[in-house]
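Structure at a glance
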Amino acid sequence: MVGKVRDRAVRVCVLLGICLALVAAGALVWGELRAVASNRADGDPEQGSYLQDPERADRTAGAVLDGIVAEGEEPPADAAAFAGTESGSEASGAPDPVRWTEGGWQPSSPLRARTAPSEPAIGALFSPGNDWDADHHCSASVVHSPEGDLIATAAHCVYQDGFRTNLAFVPGYRDGKAPYGVWVPTRIDVDPRWTSDGDPDHDVAFLRLRRPGHPGERLEDVTGALTIRFRPRLPLPARLVGYPNDSEQPLDCYNTARAEGPTQLRLDCADVPNGTSGGPVLTDGHTLIGVIGGRDGGGDETTSYSSWFDDSVRGLYTRATSGR
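The structure contained in this document is the topic of the report that follows. (Residues numbered from 1 in each chain as written. Predicted model: local features only at pLDDT ≥ 70, side-chain atom pairs only at ≥ 80, totals over all residues. Heavy atoms only, no water.)

**Regarding the state of the cysteines**
- The final tally for this structure, using the stated rule, is 2 disulfides.
- Disulfide pairing places Cys138 opposite Cys157 at an S-S distance of 2.1 Å. Taking the torsion about the sulfur-sulfur bond, which here is approximately -80 degrees, the covalent link between Cys138 and Cys157 counts as left-handed. Of the two residues, Cys138 is situated in strand E6 (residues 136-143) and Cys157 in the loop between strand E7 (150-153) and strand E8 (163-164); the sequence distance between them amounts to 19 residues.
- Should the bonded cysteines of the protein be numbered as they appear in the sequence, the pairing reads 1-2, 3-4. (Disulfide = S-S within 2.5 Å. Helix = DSSP H or I, 4+ residues; strand = E, 2+ residues; numbered from the N terminus.)

What follows is the structure, encoded as structure tokens:
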């Protein structure tokens, strides 16, 4: 009888321990879910736009600079820094971009992404805080615009069950350094077909940015900018660029961009991992024809995709730059 009572007591203790462990795990998951929710905002999902709260954005910039990245010395401002970009060709007399269809381009061999030099107009998107992402979770690029404050990325990088409110862009990022500063959104625009049901044919976003502590400074004046081409005629010689979320350096790969049906662009290249989403797909050096995203969240082990830059993306760009 004593043995049976002892066995029952042991079973009760084990069950109690399991219950307590489940409660603790549930509390931990609940806390993490609350942390994720605290970094989301509804914005205007019917239009697909969000106006960032300035104080919240300033806190994000502070969190990025507090032990994640360090601003370097004053960035270069000569022609070499902007060669081939929109601002560079106007401000410094840099030559026109190479026409890759006329030569001077070849695909990567083998067709695998490789580490690449950082560039002023391409950078990493950071999201500090407990939201289950690495410090930098996506990539983006500076796009020429009337106000000189615009970047392009994938919609899934900025909107998932709400607009991310803890975003910061670090152009030219490499090895923990922010040579061109840390920039935060003032406005985010995505297609409402993305906010309503995550349509992969509309996985594109435009963000207008400012640099906290530097009133009046324009992103494009600091980094130069890519030009954007709508309705690109495929196939085209192309290059993709992005920041893996487990690397402090960008990678790139060259291959021919081809149509994947009427609404997607594809570029076959291996070893393009998570974190490169939102990175630019380029032709002619510095002409943007896509952002990594779209089908399958951006691709698989051997292929990257982008939503095709059709007239809906042109309309989204117009809305973002006009602020309406």
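**Looking at the sheet that holds strand E12 (residues 205-210)**
- Across the sheet, 7 strands lie side by side as E2-E11-E12-E7-E6-E5-E9; this open sheet has antiparallel pairing. Two strands bound the open sheet, and with one partner strand each, they are strand E2 (49-51) and strand E9 (168-171). On average, each strand axis in the sheet is tilted by 30 degrees relative to the strand beside it, whichever way the strands run.
- In terms of strand pairing, E6 meets E7 through 3 bridges, oriented antiparallel. Following the sheet pairing, Val143 is matched in E7 by Leu150.
- On the sheet, helix H7 (residues 311-322) packs against E2, E6, E7, strand E11 (184-190) and E12 and is oriented at approximately 20 degrees with respect to E12. (Pairing = 2+ DSSP bridges. Axes fitted to C-alpha atoms, helices over the stretch in contact; angles between N-to-C directions. Contact = heavy atoms within 4.5 Å.)

**A look at the packing of aromatic side chains**
- Within the structure shown, the criterion is met by 8 aromatic pairs.
- On the numbers, 4.8 Å between centres and 80 degrees between planes, the contact of Tyr159 with Phe163 is edge-to-face. The pair Tyr159 / Phe163 is uniform in exposure class, with both members buried. (Phe/Tyr/Trp six-rings, centres within 6.5 Å; stacked < 30°, edge-to-face > 60°. Buried < 20%, exposed > 50% of the residue type's maximum accessible area, 1.4 Å probe, protein only.)

**Here we look at the pairing of strand E16 (residues 264-268)**
- Pairing analysis gives 2 bridges linking strand E15 (residues 251-259) to E16, with the strands arranged antiparallel. Of the residues in E16, the one forming a bridge with Ala259 is Leu265.
- In this sheet, strand E19 (residues 303-307) lies alongside E16 in antiparallel orientation, the contact comprising 5 bridges. Paired with Leu267 across the two strands is Ser304, which belongs to E19.

**Quick word on the environment of Ser322**
- Mapped onto the elements of the fold, Ser322 is located in helix H7.
- According to the relative accessible area criterion, Ser322 is partly exposed, its value standing at 32%.
- Remark: the alpha-carbon pair of Ser322 and Ser145, spanning 177 residues in sequence, is separated by 9.7 Å.
- Polar side-chain contacts of Ser322 include one of 3.3 Å to the backbone oxygen of Arg319. (Polar contact = N/O pair within 3.5 Å; in protein donor to acceptor, adjacent residues only side chain to side chain.)

**Some points on the pairing of E7**
- The side-chain alternation of E7 yields two buried faces, one formed by Leu150 and Ala152 and the other by Ile151 and Thr153.
- What sits between E6 and E7 in their antiparallel hairpin is a turn of 6 residues, with Gly148 showing a positive phi close to 65 degrees.
- As paired elements, E7 and E12 share 4 bridges and run antiparallel to each other. Across the sheet, the residue bridging to Ile151 is Leu207, located in E12.

**Here's the deal with the environment of Val182**
- Within the element layout of this structure, Val182 appears in the loop between strand E10 (177-178) and E11.
- On the basis of relative accessible area, Val182 is assigned to the buried category, the value being 2%.
- In this view, Val182 contacts Ala61, Val64, Leu65, Val69, Glu71, Ala168, Phe169, Val170, Arg210, Arg211 and Pro212; residues no more than four positions away in its chain are not counted.

**Re unusual backbone geometry**
- A cis amide bond links Ser109 with the next residue in sequence, Pro110, at an omega value of 0 degrees.
- On the secondary structure map, Pro110 appears in the loop between helix H4 (86-91) and strand E4 (114-115).
- Cis geometry marks the peptide bond from Leu234 to Pro235, where omega comes out at 5 degrees.
- Its identity as a non-glycine residue notwithstanding, Arg231 has a phi of 50 degrees, on the positive side.

**Some points on H7**
- Taking 1.5 Å of rise per residue, the 12 residues of H7 would be expected to cover 16 Å, and the 16 Å separating its terminal C-alpha atoms lies within 8% of that figure.
- Val313, Leu316, Tyr317, Arg319, Ala320 and Thr321 are the residues of H7 that are buried.
- Positioned one or two residues after H7, Gly323 has a phi angle of 75 degrees, which is positive. (Expected span 1.5 Å × (residues − 1).)

**Overview of the side chain of Ser139**
- By the element assignment, Ser139 lies in strand E6.
- A relative accessible area of 0% places Ser139 in the buried class.
- For Ser139, the side chain forms a polar contact with the main-chain nitrogen of Tyr243, separated by 2.8 Å.
- Non-local contacts of Ser139, meaning those with residues more than four positions away in its chain, are made with Gly123, Ala124, Leu125, Thr153, Gly242, Tyr243, Gly275, Thr276, Ser277, Gly278 and Gly279.

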